[in-house]
Amino acid sequence: MSALNYNPSTYEIPGKNTLNHGVLLNKKDDLKIVELPIPIPEEGEVQIQVKATGICGSDIHLWKYGEIGIFPVTTPQLLGHESAGVVTAVGKGVDTLKVGDRVAVEAGIPCSKCDQCMSGRYHLCPTVIFKSTPPHHGQLAKYITHPARWLYKIPDNVTYEQGALLEPLSVAISAIERVGVKFGRSLLITGAGPIGLIVLAVAKATGISPIMITDVQPSRLEYAKKMGADFVYQVDPKRKDVEIAREIRDIFGGEGAEYSLECTGVESSFRTAIMATKDAGVCCLVGVGKNDQLLPVNNFAMREVDIRGLFRYHHTYPRAIALMASGNLKIDHLITHRFDFKDALKAFDTTADYSTGAIKVQILN
Amino acid sequence: MSLNKQENLSVILNKPLDIVLENRPIPTLGKGDVLVNVKATGICGSDVHYWQHGAIGSFKVEKPMVLGHESAGIIAAVGEGVKNVKVGDRVTLEPGAGCRMCDYCKTGRYNLCPDMVFAATPPYDGTLCNYYRHPADFCYKLPENVSIEEGALIEPLSVGIHAARRGNIQSGHRVFIFGAGPVGLLCAAAAKAAGAGHVTIADLVPSRLAFAKTYYTDSQVLLERSTPGEPNIEFSRRMAQAILKTEEPADVVIDCSGAETCVQMSILLAKNGGCVILVGMGASVQSIPISEVSSREVDIRGIFRYSNTYPTAVRMISSGIVNVKPLITHSYPLKDAVKAFQHVKEGRDGAIKVQIIG
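Within an unreviewed UniProt entry, the label attached to chain B reads Enoyl reductase (ER) domain-containing protein, and the organism entered is Phycomyces blakesleeanus. Regarding chain B, the relevant UniProt record gives this comment under Cofactor (unreviewed entry): "Zn(2+)".

The name given to chain A in an unreviewed UniProt entry is L-arabinitol 4-dehydrogenase, with the source organism recorded as Phycomyces blakesleeanus. Its UniProt record, at the heading Catalytic activity (unreviewed entry), says of chain A: "L-arabinitol + NAD(+) = L-xylulose + NADH + H(+)". According to the UniProt record, the Sequence similarities (unreviewed entry) comment for chain A is "Belongs to the zinc-containing alcohol dehydrogenase family."

Enquirer: Explanation requested: the sheet that holds strand β2 (residues 30–36) of chain A in the structure shown.
Expert: Two modes of strand pairing occur in sheets, parallel and antiparallel, and in both the strands are linked by backbone hydrogen bonds. Residue and element names in this part refer to chain A. Read across the open sheet, the three strands follow the order β2-β1-β6; overall the sheet is antiparallel. Strands at the two margins of the open sheet, each flanked by one partner only, are β2 and β6 (77–78). Note that strand β1 (residues 20–27) and β6 share two bridges and pair antiparallel. Bridge pairing links Leu-24 to Leu-78 in β6. Sheet strands touched by helix α10 (residues 344–352): β1 and β2. Its angle to β2, the strand with the most contacts, is close to 155°.

Enquirer: Looking at this model, I keep getting lost on the domain arrangement of chain B. Mind explaining?
Expert: One frequent convention defines the size of an interface as the accessible area lost when the parts assemble. Residue and element names in this part refer to chain B. Once the domains are mapped, chain B shows domain 1 (9–153 + 324–357) and domain 2 (159–302). Look at where the C-alpha atoms of domain 1 and domain 2 centre, and you get two points 29 Å apart. Facing the eight residues of domain 1 at the interface are seven residues of domain 2. Regarding the contact of domain 1 and domain 2, the summed buried area is about 650 Å², with carbon and sulfur atoms giving 76% of it. The largest share of the area that domain 1 buries against domain 2 comes from Pro-326, Leu-327 and Ile-352, three residues that together contribute 57% of it. Across the contact surface, domain 1 and domain 2 share zero salt bridges. Between domain 1 and domain 2 we count zero residue pairs in polar contact (both at pLDDT 80 or more) in total. Split by residue class, the side of domain 1 that touches domain 2 holds five nonpolar, one polar and two charged.

Reading guide: rules and limits
Residues numbered from 1 in each chain as written. Chains lettered and ligands numbered in written order. Predicted model: local features only at pLDDT ≥ 70, side-chain atom pairs only at ≥ 80, totals over all residues. Heavy atoms only, no water. UniProt positions renumbered as here; feature names shortened; annotations may be inferred. Pairing = 2+ DSSP bridges. Helix = DSSP H or I, 4+ residues; strand = E, 2+ residues; numbered from the N terminus. Contact = heavy atoms within 4.5 Å. Axes fitted to C-alpha atoms, helices over the stretch in contact; angles between N-to-C directions. Domains from an automatic or database assignment. Buried area = accessible area lost by both parts, 1.4 Å probe. Salt bridge = Lys/Arg side-chain N within 4 Å of Asp/Glu carboxyl O. Polar contact = N/O pair within 3.5 Å; in protein donor to acceptor, adjacent residues only side chain to side chain. Nonpolar A, V, L, I, M, F, W, Y, C, P; charged D, E, K, R; others polar.

Below is the structure:
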């Protein structure tokens, strides 16, 4: 299907007869499109007609497992947190946005008052409301409300689809910053899913070299090769992580990668990434997996390989928008499937089914 | 000063559980070397471990090896080209010399040099002898007001300094330390020197905590052992919750035990965005609460010995920022080395740092 709603002026301000629909997860394995009331923006909020929403691995996980990380699904909730749309109504006190403004949505709403928020690390706010993390509703509806403060205007040359890519792009930017890799330094990315591939794209755009990306699926690796990965490595899950790590280290010249970003959440992949990182390097876990994992502690401790976790992102949207608007980061091709809102359930099926070759699936309105 | 060429009594580990005292030849000096008349050497848990088990991780004792690496002494002779010390100078020895040429050495991470020569790590001989050859650039002069015995504590103090730096401890930080042995105590000292506002130390042994109360810590926590059959992670969560009733989450948690439960608790006790520094060496594979590492961005950093700490440590002791004298609890002459090792192994009579004085 063709890219919809490129035209910045196409939006519908809800009237008396306008219906709102959302993609609701009742509980594990029970996903439906339901009718919802049109939400009215409160003070400081705006109403948005959501034009594009990407589906994330966490949405699929919530659907299939009824939980993600340390958050179980406790009440029916909307999914989705990778959205862009257009402002259709403004609440009291909002003077930064007006009806018709095209915006990207930052899904996390922190308290802005605690120590973490006041020191700029609002992603670690203990009371943050992140849309679609249980028990909070996500953004997969035709109309939502959101605090104006956590919306960012997107320029006319950034499509809604690109606007919806800003969220995973934010994860990639955060990951690269958190692990500390810079131009001229080597990087190992484990996992060539949407996150791993966007990390690859950002790494290429910032002079990081050489870059290796690993995956179990050869088709993903071919894709990564076309995107300019210097090395690709197909992981055989039946082999020992120690042996895989050794082979990866050899490809990097014997000592391994200076930095590694683990983008699968799979325990054996994390162990491999750690062991394939050079002494004094850094391994950052991006993927979300088991809550407790067996790690080779002496290996990383005695080689002073630092282990860092990553939780979402902070202060990334303005840069992500600039990167997208510059045209230097071409990641539209990662959107492999698009579905109209009425076919949202098919969109979820497509995302969950590896055989479709889906990378990023978006639901358009 | 003339050297008695017959007398270089050395404490040698022949094989596990077999320490002998033997005369070894006095080493000849190459360019850049000095000969140190070793006067004081502290005994480390690693020395005891080699004695008892013959190996630490992949380092195995394959031939007789002189023990000891926490030493200070007096320069007895200098080799060609040595400019930083002269005969008669009192010095502390940094036991590990890097190659000075690889990337790690050039970027200051020389503790990770693949060609590191470290005293008393197989196959290299240690410092528990009368006369020890060492590169001059790894010997540091002791000021008048720093004794040789204090000089011999600079090695473990360096571990504390390196841990504090790796943890990036800053003014006002809350620091939590597992293990109130000499290393944990010196981590507390370094944390305070770095400006920590509150240092909590935890241990299983009440007498250790009683001493720790007098030494650079603000609160002490008595740990329990897990109940038989209780999975480590359940014990750790239970114990961490109990600790958090009286202690606030920490900016930096330093584990000096190596125990899996303490590593797990360290992560649970760290603030969001805090870090855990692993000093203690334990099992090679451990179960880690990754959900905490990810969702609260708690970093985990190990240390391997130390680098660039000796000049700092000398100044810290000389200026009185840290007093290491209270940690020296027992001394033995070189000829009673085996008794000294036995004492450390038994940990009796409130032993903290046992030194061998030559």
